[in-house]
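A structural walkthrough
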Amino acid sequence: KMRWMLCLDNFDMMNEPWLTLTKVQEIARAAGISNSTEVEEMLRLYHQLGMVVHLTSTQTLANVVVTNPQWLLDSISLLIRDPEIHSFERMEELESVGLKQDIDLLFSKGLVTYDLVQFLWGSEQVDFLLAVMKHTMLLSEWEFDEEHDDKMYQVICY
């Protein structure tokens, strides 16, 4: 459908790696799609084709449409990485803000603190990215460490 193609072009013109579902619905309305069922159908097709990532199993996931799937991979790869091959470019900055121990914990035990996740991902999409990693079973909540007061997660691949 031409309206769907117009929506996809408009997603690209936004030049953002992700859009809220509300923003996607606004773009769809501007392209002549006012039916929310048609918007869902369009997103489902584009998701199946790998053009966007739109997961719907929770409200947190459903509220975000990833328009640049590479952004999602890049974000996840900030946690899932081999430190001997992929060093952190921002290691001095991590040390200066007091997150050196958090990085060591990630690479030694596969545990990541919420503070480290916020620093690496920025605060705007932390909940969404955590939900994606939980949904794909790459991460789970860790509640067995009495040494740390803050929220922690087990990154499954370590």
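Please refer to the structure placed before this passage.
Residues numbered from 1 in each chain as written. Predicted model: local features only at pLDDT ≥ 70, side-chain atom pairs only at ≥ 80, totals over all residues. Heavy atoms only, no water.

Across the sheet, which stays open at both edges, the three strands sit in the order 3-5-4 with antiparallel pairing between neighbours. At either margin of the open sheet sits one strand with a lone partner, and together these are strand 3 (111-113) and strand 4 (139-142). Strand-to-strand twist in this sheet, taken as the mean axis angle between neighbours without regard to direction, amounts to 35°. Sheet analysis places strand 4 next to strand 5 (residues 152-155), joined by four bridges and oriented antiparallel. The partner of L139 across the bridge, within strand 5, is V155. Relative to strand 3, helix 7 (residues 100-109) is tilted by about 155°, and along the sheet it contacts strand 3 and strand 5. In the packing of helix 9 (residues 126-135) onto the sheet, contacts are made with strand 4 and strand 5, and the angle to strand 4 comes to roughly 105°. (Pairing = 2+ DSSP bridges. Helix = DSSP H or I, 4+ residues; strand = E, 2+ residues; numbered from the N terminus. Axes fitted to C-alpha atoms, helices over the stretch in contact; angles between N-to-C directions. Contact = heavy atoms within 4.5 Å.)

A pair of packed helices can be characterised by two numbers: the angle between their axes and the separation between those axes. Where helix 5 (residues 69-76) contacts helix 9, the axes come no closer than 11 Å and their chain directions differ by 80°. In this view, helix 5 runs roughly perpendicular relative to helix 9, as classed from their interaxial angle. Here W71, L72, S75 and I76 of helix 5 lie close against helix 9, whose contacting residues are F128, L129, V132 and M133. Taken together, the residues that form the contact of helix 5 with helix 9 break down as seven nonpolar, one polar and no charged. (Parallel < 35°, antiparallel > 145°, perpendicular 65-115°, else oblique. Nonpolar A, V, L, I, M, F, W, Y, C, P; charged D, E, K, R; others polar.)

Within the sequence span of helix 2 (residues 21-30), burial applies to L21, V24, I27 and A28. Take helix 2 and look down its axis: the buried residues cluster within an arc of 115°, on one side only. In the core, the buried residues of helix 2 are packed alongside helix 1 (2-14), strand 1 (18-20), helix 3 (36-48), helix 4 (59-62) and strand 2 (64-66). Two residues or fewer after helix 2 comes G32, characterised by a positive phi angle close to 95°. (Buried < 20%, exposed > 50% of the residue type's maximum accessible area, 1.4 Å probe, protein only. Arc of directions from axis to C-beta.)

Structural measurements only, silent on function.
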